[in-house]
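A closer look at the structure
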Amino acid sequence: MAKLILIVEDDLDVAESVADVLQSAGYCTAIAGNGREALDHLQKNNHPDLILLDMMMPVMDGWQFRAEQRKLPALDSIPVVTVTADGDARGKAASIQAAGHVVKPFMIDRLLDEVERICGVPEA
Amino acid sequence: MSSSLETAPTAIPVQILVVDDLPENRMALRAILSSRDYRIVEASSGAEALLRLLEEDFAVLLIDVAMPEMSGFELAAAIKERERTAAVPILFLTGQATDVDLVYWGYRVGAVDYLIKPLVPEVVRAKVEVFAQLFREKKRNEQQAVLLLEAERNESEFRLIMLQLASERHYRTLAQAVPHIVWTARPDGAVDYFNQRWFEYSGRSVEQASGSWLGILHADDLERCRTEWKNALRLGEMFQAECRLRRASDGAFRWHLCRAIPERSPSGQILSWVGTFTDIEDQKRAQAIQAEFKGTLDAEPDAVAIFEPTDWRILYVNHGASVLLGYSKDELLRMAPADFMAEHDGISFREVLRPLLDGSQPHILLETKFRRRDPLALPIDVSVQLIRIGADRIVSIARDITERKRTQLERELLYREAVDAIRARDEFLSVASHELRTPLSALQLQIQMLLLPPRRSPQAVLSREQMKPKLEKAFKQIERLTRLIDELMDVSRITAGRLRLELGEIDLTAVIRDVVGRLGGEASRVHSSIKVSAVTPVVGMWDLIRVEQVVTNLLTNAFKFGGGKPIEITVEERGSIGRLVVVDHGIGIAPEDLERIFRRYEQATSSRPVGGLGLGLYIARQIIEAHGGTIRVESQPGTGSTFTVDLPKGATTSEEGAACSVPVAAGDNVSRADDTSHGEAHPDR
């Protein structure tokens, strides 16, 4: 059973491109447009093995989502990789106790490395 | 100087009046009385006798009793009645010898004696001589009285002269004693006396002074004083003038006050002039210094006031104080400080300044308010000091700081505006940066996927079919980027006032159909259907590209916020206006955001961008208003929004390609926008 990655990103083109890359690498993907949609998705679906979390989103941003996620023990255990575009990616990741971080614009190698590091290779 | 004058008895002539109507009687009497030094005057009637009596004094009157017309008695009665003649002795001549009644009657009338006819010469002579003697005595006494009177007059005149001499001496001693220059002059103004001081001061001798004090006057004062002195002499009025007199010892000119008053006789005639010169040089100098001091203070724009420390009486105010407070200097001198202190009454005022008076602080600086006359309250900076020069004085210098405060306020406002503007711009930049990076991210991924083989199959080579979608996606991102950059450029241009319109004959209906056709793909992606009601052409002078930009923006918004519900577009003609209406039934706009959405750097829904820079509506409004049109929105949250655009058909700008000028906000860092117009190819805008 392939590993599932939830992509939380408000820009559809970016989300789809990231999904493309991950799928080429063998992962399964799901997309949520913002924090609220992500929470809804997690309630209704299987939990993913990793959440790629864009921090700047409308309606509910990355920080707000993370706060909600940590309130629910069932969700709290899912590792989060932050996606940021402007400065201090490490600091921002640390501030919400994320498992890892990537920066935009993406380098595919870097992205895949980080994902593999945290949730392992695509096949269990 | 009295002398008694002895005159011989015979020297005084004795007049005798004989009154008888018969000439032989008169002759007879004349003969009887001729031997002595009598002068005989005859009268033939009572009437004539009266006339004679008017002419001279008689020693005795010899009156015949029996006369026709007026009897002797009647004449005597008449004579007695006249005061002048009442005392003259009367001798009646009568032939009636011893009529006693007659005698008594005669005495009663006033006769002194009778002479009985026939007359006895010795008797007549004897009786007449008595009266003649009396007459002579009387005359002598009269003479002596006159002489006595004269002598008395001489005596008092003499005494007066002595007095005068004495007082003049006294006067002159006084004149010498006073420190002033004293002079006297005759009524014509010629000086007849100078006191010693004059000679000491002027160094002139009596001859040199030559009857005038004008000789030592300063040239500049000479004309004036001479004229005024002449006037005073003429009018007999007090003379007063200030002039400079030359001091002999060092040639210096010193200011003197000259005063002269006329001395008048009891009848008002001017007898002489008395004048003084008083040295006022020091006084004048002190006055000059004081005037200079006051002039300096008056030139000082700040308000200067000097107070009496014990009771805060205002002793001096300068012109600046008068201007500041709106009262005249005189009024201020009668006021108390509490009258114009807006924030203090008498008590708190003293409290504040107590450290000054008890010596614990030499100087107090205070920011407070003064109340003007009008009665505006002025913000004031005032410095108060205690000064000891002889007497203690409080000196205050106050400055109106209204300007300063206003400038301060303005500066604060400007600063806040600038800070706000900078913050807004910084936010915008961070949003813009994020927005620009987003398509770049997608682009980067697509290109990398084209360049790199997948990890799992490193040998794999992408087929043309596999490459195409990636290339298309890549291309799309480039388009997105370009649009974003164009938006930024537009905003920059608009801000710099360099948005230029290229007007042409445009059919609005056609434009709508064009744009709708182009965006059809996106519409279906968000599941919105578009209904267009645009039947007839609506033609006007508009900028095609810009109008397309507006329409695209409105439609894109409708997709974004339309919630998938249908969108209705209407194009119609309203007189000289072309109207476009875009209706969506999506999430709507809150009332407080209705204006905000048209502003720069603002988005209605949240502070985070919803794809795009949030500038679309701002730019749309600028473009529409540059055409002379309007755009407005009506909306209900949850129900949807209606955007209405009105574009005047005629060219409302005076020339083709008019500039749209928008005021530059403070703090806006406008980089030099390149004015390359939209001639660049945008294949799918």
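Before reading on, note that the structure itself is shown above.
Residues numbered from 1 in each chain as written. Chains lettered and ligands numbered in written order. Predicted model: local features only at pLDDT ≥ 70, side-chain atom pairs only at ≥ 80, totals over all residues. Heavy atoms only, no water.

Right, let's get into the overall build of chain B. Scanning chain B for helices and strands turns up 18 helices and 24 strands. When the 685 residues of chain B are sorted by exposure, 39% land in the buried category. For chain B, contacts bridging at least 24 residues in sequence account for 59% of all contacts bridging at least 6. Accessible area of chain B: about 38,000 Å², with a carbon and sulfur share of 56%. (Helix = DSSP H or I, 4+ residues; strand = E, 2+ residues; numbered from the N terminus. Buried < 20%, exposed > 50% of the residue type's maximum accessible area, 1.4 Å probe, protein only. Contact = heavy atoms within 4.5 Å. Areas by Shrake-Rupley, 256 points an atom, 1.4 Å probe, with all protein chains shown as cover.)

It is worth spelling out the pattern of salt bridges at this point. Close approach of charged atoms lets side chains of opposite charge pair. Residues and elements named next belong to chain B. What the rule picks out here adds up to 59 salt bridges over all chains. Its salt-bridge partner being R373, residue E331 comes within 2.9 Å of it at the nearest N-O pair. A residue pair is termed long-range when its members are at least 10 positions apart, and E331 in helix α11 (residues 329-333) and R373 in the loop between β13 (363-371) and β14 (377-389) qualify at 42 residues. Judged by relative accessible area, which is 24%, E331 ranks as partly exposed. A salt bridge links R621 to E595, with the shortest nitrogen-to-oxygen separation between them at 3.5 Å. Of this pair, R621 sits in helix α18 (residues 616-626) while E595 sits in the loop between β21 (577-584) and α18, and the two are 26 residues apart along the sequence. Here E595 falls in the partly exposed class, since its relative accessible area comes to 43%. (Salt bridge = Lys/Arg side-chain N within 4 Å of Asp/Glu carboxyl O.)

Accessible area lost when the parts come together is the quantity often used to give the size of an interface. Contact with chain B, which involves 24 residues of that partner, is made by 29 residues of chain A. Both faces combined, the contact of chain B with chain A buries some 2,400 Å², and carbon together with sulfur accounts for 54% of it. Counting the surface chain B buries against chain A, the share from its top three residues, L445, R455 and R456 of chain B, is 27%. Here K473 of chain B makes a salt bridge to D20 of chain A, at a shortest N to O gap of 3.5 Å. Counting residues per element, the side of chain B that touches chain A draws most heavily on helix α14 (residues 402-451) of chain B, at eleven residues. Taken together, the residues of the side of chain B that touches chain A break down into seven nonpolar, eight polar and nine charged. (Buried area = accessible area lost by both parts, 1.4 Å probe. Nonpolar A, V, L, I, M, F, W, Y, C, P; charged D, E, K, R; others polar.)

Right, let's get into the nonpolar core. In this structure, L554, L555, L580 and F643 of chain B are the most contacted members of the largest nonpolar core, which totals 43 residues. Core analysis: the next-biggest nonpolar cluster, separate from the first, contains 27 residues, A303, L325, L366 and V382 of chain B among them. (Core = buried A, V, L, I, M, F, W, Y, C linked by side-chain atoms within 4.5 Å.)

What follows is about the state of the cysteines. Residue and element names in this part refer to chain B. Under the criterion given, the structure shown has zero disulfides over all chains. Distance from the sulfur of C243, which forms no disulfide, to the nearest cysteine sulfur (C225) is 4.3 Å. Residue C243 is classed as buried on the basis of its relative accessible area of 1%. (Disulfide = S-S within 2.5 Å.)

All names here are of chain B. Residue position: H256 is located in strand β9 (residues 253-264). A distance of 3.0 Å separates the side chain of H256 from the backbone oxygen of R254, its partner in a polar contact. With near-sequence residues (within four places) excluded, H256 lies in contact with Y201, A241, E242, C243, L245, F277, T278, D279 and I280. (Polar contact = N/O pair within 3.5 Å; in protein donor to acceptor, adjacent residues only side chain to side chain.)

Our next topic: unusual backbone geometry. Among all residues except glycine, the phi angle is most often negative; among peptide bonds, the trans geometry is most common. Residue and element names in this part refer to chain A. Following K104, the chain continues to P105 via a peptide bond in cis, the omega torsion being -10 degrees. Turning to its location among the elements, P105 is positioned in the loop between β5 (100-103) and α6 (108-119). Positive phi, close to 55 degrees, is recorded for Q97, a residue that is not glycine. Structurally, the position occupied by Q97 is in the loop between α5 (89-95) and β5. A residue is classified by how much of its surface remains accessible, and Q97, at 51% relative accessible area, is exposed.

Time to look at a nonpolar patch on the surface. Residue and element names in this part refer to chain B. Judged by side-chain polarity, F158, I161, M162 and L165 come together as a nonpolar surface patch covering roughly 400 Å² of accessible area. Mapped onto the secondary structure, L165 falls in helix α5 (residues 121-177). The partly exposed category is assigned to L165, whose relative accessible area is 45%. (Patch = residues over 30% accessible without salt bridge, like charges linked within 9 Å, V, L, I, M, F, W, Y side chains within 5 Å.)

Residues and elements named next belong to chain B. Here five strands make up an open sheet; going across it, the order is β2-β1-β3-β4-β5 and the pairing parallel. Two strands close off the open sheet at either side, each with one partner strand: β2 (38-43) and β5 (113-116). Each strand axis lies, on average, 20 degrees off the axis of its neighbour in the sheet, ignoring direction. The sheet contact formed by strand β4 (residues 90-94) and β5 spans four bridges and is parallel. Bridge assignment links L93 to a residue of β5, and that residue is L115. Relative to β2, helix α1 (residues 23-32) is tilted by about 175 degrees, and along the sheet it contacts β1 (14-19), β2 and β4. (Pairing = 2+ DSSP bridges. Axes fitted to C-alpha atoms, helices over the stretch in contact; angles between N-to-C directions.)

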